[in-house]
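# Structure assessment
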Amino acid sequence: MSATPHAAPDTPSAADTARALGAADAFASGPGHALGTLDAAVAAFARDVVVPGAPLWERERRIGREAIEAAAALGLCRIEVPAAHGGLGLPFSAKARIAQALAGADFGFAFSLINTGNIATKLAREASPELVERWVPALMAGRAIGCTALTEPGAGSDFAAIATRATRVAGGWRIDGEKAWITNAAEADVAVVYVQTEPGSGARGVAGFVVEAARAGFVRRPAFALSGQHAIGTGGFALDGYLATDAEMLQPPGRAFKSAMTSINGARTYVAAMCCGMLGEALRIAQAYGSERRTFGVPLADHQGWRWTIAEASAELAAAGLLVADAAARIDAGADAQLAAAQAKLVATRTAERQLPRLAQAMGAEGLRESYPFGRHMNGARVASFVDGSSEMLLERIAAVLRPR
Ligand SMILES: Cc1cc2nc3c(=O)[nH]c(=O)nc-3n(C[C@H](O)[C@H](O)[C@H](O)COP(=O)(O)OP(=O)(O)OC[C@H]3O[C@@H](n4cnc5c(N)ncnc54)[C@H](O)[C@@H]3O)c2cc1C
C-alpha cells in the first residue's frame, strides 16, 4: 500500500480551497458572514497547507513560518483582537474551535500560531497606543512572531519562584535573567515577559513587560532540539541589562500574576480542544483505514476486537469534548473557568495520551509513515501535558477549588 497523506480520502480541488479561502477573507473584512464560513476556510487550510507542511517542518526542525503568514492572511492571528484594532473580535470559543481544527493537522503549528495571536490580542487590549501601533498590525499579519515567557531554567511549575529581575532605573527598568522552554522563542520578535520586581515577595512582586528581541540586552538562545514538535519553535533567551520604559510595563506588580493566571484558563481550554482535535483526526483516519484494509478475508472493521478500539476512542473523545465546550462557554460568558478549564485539560490530555497509541496500533505498520500524524500527535499530547500547567498542577488547582473553606 502506498503512502497516503492523511487527508487524502476527500481531497478537494484547488478551486474548492480557493473558494473557501476567499470566503474567509470576506468574513475577516466585513460583517454579516457566518462563522461557519471561517470554519470551512480553516478546515481547507489545515488540509491543504498544514497537513503537507507538518512533516517538512518536523524534518527541518523549524516553525512553519510560511504557513503562519498564510494563516494570518485568513485572519487567524487576530481572532480575538477587537474590531477597533482591525481584529475579527470573535469570542474565545471561536479561537478554541480553530485551534482544535488546526491541531488535527499539526499540534505544533497550531500552538505556535495561537501563541502569536495571543500576543496580538494582549497588546491590543492592554498596551499603550504607541506599542499597539508598533506591534499589533505586524503580529496580525504574521510578519512578527510573539511569545509569552514565564518559565525559566530554575522555575516551571512554581511560577511565583521566577528569578528574572526588574530593577528600577532612571526612566524605566533594567531587566536581567533567563527564560527557557518558551513557545516561538526561536524566532519571536516581541515577548510578554514576566519578571520579579521585589525579590522575596513571590506572586505579589511579579510584573509583565513587553520585550523586543531586536533591542540591546536581548540574547536569543539556539532553538531547543527535542524529541519532536519543532514547529512550536521552543527556545529561550537571556535578558542582560535589557532596558524597558515605564510604558512597556504591561502589567504592574499586584496585577500581573493574577492576569497571567486568568489567561491560563483560556490556554488550558484551547490546549484541551487541541487534544480533541488530534484525537478526532486520528480517529477519522483509523476509521477510514479500517473499512479499506482487509485481514483474514474481511475489512479490519469487521473484526470485533479491532472496532472496539474505535468505539472506545470515540466515546472518550465525546466526553472530553463536552468538558472543553463547558469551559469555553464559561470563558465566553466571563464566568469563573478555573475548575472547568483545569478539568477539561486534565481529561483531554490524558484521553489523547491513552487513545492515540491505541489508534496508531489499529493502523498496523502503515500508521508509522510520516505522512500520517500518529507519531507527531502522540508527541503533541506529551507536550500538551506540560504546557500551561502540567497534569499535576491541574490536579492541584482542581483540589484547591474543591476544598471546603
Ligand atoms: C514545548 C513546550 C512549550 C512551552 N511553552 C511555554 C511558553 O510559551 N511559555 C512559558 O512560560 N512556558 C512554556 N513551557 C513551559 C511549561 O509551562 C513548563 O514545562 C511547565 O510549567 C512545567 O514546568 P517544568 O517543565 O519546569 O517542570 P517542573 O516544574 O520542574 O516539574 C517537574 C515535574 O514534577 C511535577 N511537579 C512539580 N511540582 C509538583 C508538586 N508540587 N506536586 C506534584 N508534582 C509536581 C510537574 O508536574 C512535572 O511533571 C513550555 C513547555 C514545553 C515542553
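Now for a look at the structure at hand. (Residues numbered from 1 in each chain as written. Predicted model: local features only at pLDDT ≥ 70, side-chain atom pairs only at ≥ 80, totals over all residues. Heavy atoms only, no water.)

### Regarding the overall build of the protein
In terms of helices and strands, the protein carries 11 helices and 10 strands. For the protein, whose C-alpha radius of gyration is 21 Å, the value lies close to the compact-globule estimate of 22 Å for 405 residues. Dimensions along the principal axes, computed over C-alpha positions, put the protein at roughly 80 × 50 × 40 Å. Counting across all 405 residues of the protein, residues that qualify as buried make up 52%. For the protein, restricting intrachain contacts to residue pairs at least 6 apart in sequence, the fraction spanning at least 24 positions comes to 74%. Element-wise, carbon and sulfur atoms account for 57% of the exposed surface of the protein, whose accessible area totals about 16,800 Å². (Helix = DSSP H or I, 4+ residues; strand = E, 2+ residues; numbered from the N terminus. Rg over C-alpha atoms; globule rule 2.2 N^0.38 Å. Buried < 20%, exposed > 50% of the residue type's maximum accessible area, 1.4 Å probe, protein only. Contact = heavy atoms within 4.5 Å. Areas by Shrake-Rupley, 256 points an atom, 1.4 Å probe, with all protein chains shown as cover.)

### What to know about the pattern of salt bridges
Under the counting rule described, the total for this entry stands at 25 salt bridges. A salt bridge links E80 to K95; the shortest N-O distance between them is 2.8 Å. Of this pair, E80 sits in the loop between helix 3 (65-73) and helix 4 (92-105) while K95 sits in helix 4, and the two are 15 residues apart along the sequence. Looking at E80, the relative accessible area reads 12%, which means it is buried. Take K95: its relative accessible area is 8%, and that puts it in the buried class. (Salt bridge = Lys/Arg side-chain N within 4 Å of Asp/Glu carboxyl O.)

### What about helix 10 (residues 374-384)?
An α-helical segment advances 3.6 residues per turn. Residues three or four places apart therefore align on the same side. Counted residue by residue, helix 10 has 8 buried out of 11 residues, so it is predominantly covered. Listing the buried residues of helix 10 in full gives F374, R376, H377, N379, G380, A381, V383 and A384. For helix 10, the elements touching its buried residues are helix 2 (35-60), helix 4, helix 5 (107-126), helix 7 (256-292) and helix 9 (338-362).

### Some words on the side chain of E212
Among the structural elements, E212 can be located in strand 5 (residues 206-212). Residue E212 is classed as buried on the basis of its relative accessible area of 6%. Of note is the side chain of E212, whose polar atom sits 3.1 Å from the side chain of W135. (Polar contact = N/O pair within 3.5 Å; in protein donor to acceptor, adjacent residues only side chain to side chain.)

### A closer look at helix 4
Here helix 4 spans 21 Å end to end across 14 residues, near enough to the 20 Å set by a 1.5 Å rise per residue. Counting buried residues in helix 4 gives 10 out of 14 residues, a clear majority hidden from the surface. Of the surrounding elements, those touching the buried residues of helix 4 are helix 2, helix 5, helix 7, helix 8 (304-332) and helix 10. (Expected span 1.5 Å × (residues − 1).)

### Details of the environment of D246
Considering the arrangement of structural elements, one finds D246 in the loop between strand 7 (235-245) and strand 8 (249-251). What makes D246 partly exposed here is its relative accessible area of 40%. Excluding residues within four positions of it along the chain, D246 makes contact with R168, G171, G172 and W173. Looking at D246, its side chain comes within polar contact range of the side chain of R168, at 2.9 Å. Here W173 takes part through its side chain, which lies 3.3 Å from a polar atom of the side chain of D246.

Remember that the coordinates give geometry; whether it matters functionally is a separate question.
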